[in-house]
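Now for the letters of each chain:
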Amino acid sequence: MVKNPFLVKGYISSEYFCNREIETNKIISAIENGRDLTLISPRRMGKTGLILHVLNQNIIKEKYYSVYCDIYQTQNLNDFVTVFGNAVINQLEKTPDRMLRKVKRFFSGLAPSFSFNPLTFQAEIDFKIINTKEAENTLNQIFSLIKDSKRPVVLAIDEFQQITGYPEKNVEALLRTHIQRMTNTRVIFSGSSKHLLAAIFSDYNRPFYQSTQLLTLPKIDKSDYSEFISRKFGNAKRSINEDAVMHILDITRTHTYYVQYLCNRLFESGKRKISVEDVNKTLLGILYENEGYYYSYRNLLTEQQFLLLKAIGKENGIAQPSSKSFIQKHRLGTTSTINSAIKSLISKELIFKEDNKYLVYDVFFSLWLKLLY
Ligand SMILES: Nc1ncnc2c1ncn2[C@@H]1O[C@H](COP(=O)(O)OP(=O)(O)OP(=O)(O)O)[C@@H](O)[C@H]1O
Ligand SMILES: [Mg+2]
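Quantities reported herein were computed from a predicted structural model and do not represent experimental measurements.

The rules behind these values
- Residues numbered from 1 in each chain as written.
- Chains lettered and ligands numbered in written order.
- Predicted model: local features only at pLDDT ≥ 70, side-chain atom pairs only at ≥ 80, totals over all residues.
- Heavy atoms only, no water.
- Helix = DSSP H or I, 4+ residues; strand = E, 2+ residues; numbered from the N terminus.
- Expected span 1.5 Å × (residues − 1).
- Buried < 20%, exposed > 50% of the residue type's maximum accessible area, 1.4 Å probe, protein only.
- Arc of directions from axis to C-beta.
- Contact = heavy atoms within 4.5 Å.
- Patch = residues over 30% accessible without salt bridge, like charges linked within 9 Å, V, L, I, M, F, W, Y side chains within 5 Å.
- Areas by Shrake-Rupley, 256 points an atom, 1.4 Å probe, with all protein chains shown as cover.
- Salt bridge = Lys/Arg side-chain N within 4 Å of Asp/Glu carboxyl O.
- Domains from an automatic or database assignment.
- Pairing = 2+ DSSP bridges.
- Axes fitted to C-alpha atoms, helices over the stretch in contact; angles between N-to-C directions.
- Core = buried A, V, L, I, M, F, W, Y, C linked by side-chain atoms within 4.5 Å.

## Things to note about helix α1 (residues 21-32)
In this model, α1 (twelve residues) spans 16 Å end to end at C-alpha, consistent with the 16 Å of a helix rising 1.5 Å per residue. The set of residues buried in α1 consists of E23, T24, I27, I28, A30 and I31. For α1, the buried positions fall inside an angular range of 160 degrees around the axis, keeping them on one side. When the buried face of α1 is taken as reference, the exposed residues oriented beyond 90 degrees from it are E21 and I22. Along its buried surface, α1 packs onto β1 (37-40), α2 (47-55), α3 (58-63), β5 (153-158), β6 (185-191) and β7 (213-216). A positive backbone phi angle near 75 degrees is found at G34, which sits one or two residues after α1.

## Notes on unusual backbone geometry
In this model, R44 sits at a positive phi of 60 degrees, which is unusual for a non-glycine residue. The class of R44 is partly exposed, set by a relative accessible area of 41%. Even without glycine at this site, R253 takes up a positive phi of about 55 degrees. The buried category is assigned to R253, whose relative accessible area is 17%.

## Some remarks on a nonpolar patch on the surface
Taken together, L284, Y288 and L371 make up a surface patch of nonpolar side chains, about 290 Å² in accessible area. Within the element layout of this structure, Y288 appears in helix α12 (residues 276-299). Given the relative accessible area of 49%, Y288 is considered partly exposed.

## Let's talk about the domain arrangement of the protein chain
The assigned domain composition of the protein chain is domain 1 (20-216), domain 2 (220-299) and domain 3 (300-373). A separation of 37 Å is found between the C-alpha centroids of domain 1 and domain 3.

## A closer look at the sheet that holds strand β2 (residues 65-70)
Here five strands make up an open sheet; going across it, the order is β2-β5-β6-β1-β7 and the pairing parallel. Where the open sheet ends on each side, the last strands, each with one partner, are β2 and β7. Mean inter-strand twist for the sheet, computed between neighbouring axes without regard to direction, equals 15 degrees. As paired strands, β1 and β6 are joined by four bridges and run parallel to one another. Counted as the bridge partner of L37 is I188 from β6. Docked against the sheet, helix α4 (residues 77-92) engages β2 and β5, running at close to 150 degrees with respect to β2.

## Some words on the nonpolar core
I229, L308, L309, I312 and F364 are the most contacted members of the largest nonpolar core, which totals 51 residues. With seven residues, the single largest contributor to this core is helix α11 (residues 256-268). If near-sequence neighbours (up to four positions away) are discounted, I229 is found in contact with F6, I240, V245, L249, V259 and C263. In terms of nonpolar packing, the next biggest core, distinct from the first, is built from 43 residues, C69, A87, L139 and I146 among them.

Now the structure itself:
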């Protein structure tokens, strides 16, 4: 077991998980009522954690089989079929024997190879797909394997926006057709590139148009998070004063990953009583540790882009970057260069818009920028 109560990756159990009751219930209700659902939020807000939390609830475990599949690394239909097929077979069939039998039965025409990875205890299936036709056939078989399941299935596809970058043009339509036919399956789509993912489901001309319920994951409520943080330190016979907790939530904008990371490092410090000063010291340590990354971001940007990014960080976000006062204060050049720099910073996912303000996406990077001259 992990001795630090603040996880910075993955999911273990509700004990390590703060709140999300409303969202958990919304997703369970969608599943129970036969609706597919799309979960959207900025990066690192807690989508994957929430999905795994939902799949870990007894009400789901007792009635459904679940398949969680992360397609972040896929770049084309073949990749998708391989990752998806492996997730389905590994998670629907619990024993190697049954797995092998199923693979033989469902993929007989395709001669996939089958091996066990002794490190992950997972089966690895190579479908040996060589062209799109074969990929489509294999996909058919994977969906019929799901259809064959003895229990209804909850299928979570994480980082679903990836499919918009595949070179094959028909993937959305193909998946939509399959998913529409799967009466025993509820799907949770999830992802973070807001415009990409939202477009899949809200463009009138696209196959998934309005086919799912949308759920935008908000930040965790401040008072719930503060109670969670105090309790976790308390359980370890340590204390953190209220000002320090509030300071953590303020400087991290209550952005889940950054709260978790800062608390993880504070916990690691072993201090018995934690104050605002300790928070600041730990934060500085993190920023210096990450400096290498931050300089490399800088090298990827033009001088204009970096100046603008720094200005946004220094101001803790800006509503109108082309306003005269902002431009003059930070010596940013002309409105048109700012507009194009904004576009490019958004597309590089270095800034994003929240409550009508542009913010530096990475909270720690943003705080580091504030330290610069
Ligand atoms: N409710 C929660 N309570 C405590 N920790 C959480 C909670 N939700 C997520 N976390 C933790 O916060 C971090 C980020 O969460 P997660 O990976 O789920 O975010 P994400 O939105 O899926 O991010 P990405 O867009 O990068 O995939 C992880 O370390 C996770 O363990
Ligand atoms: Mg995730």
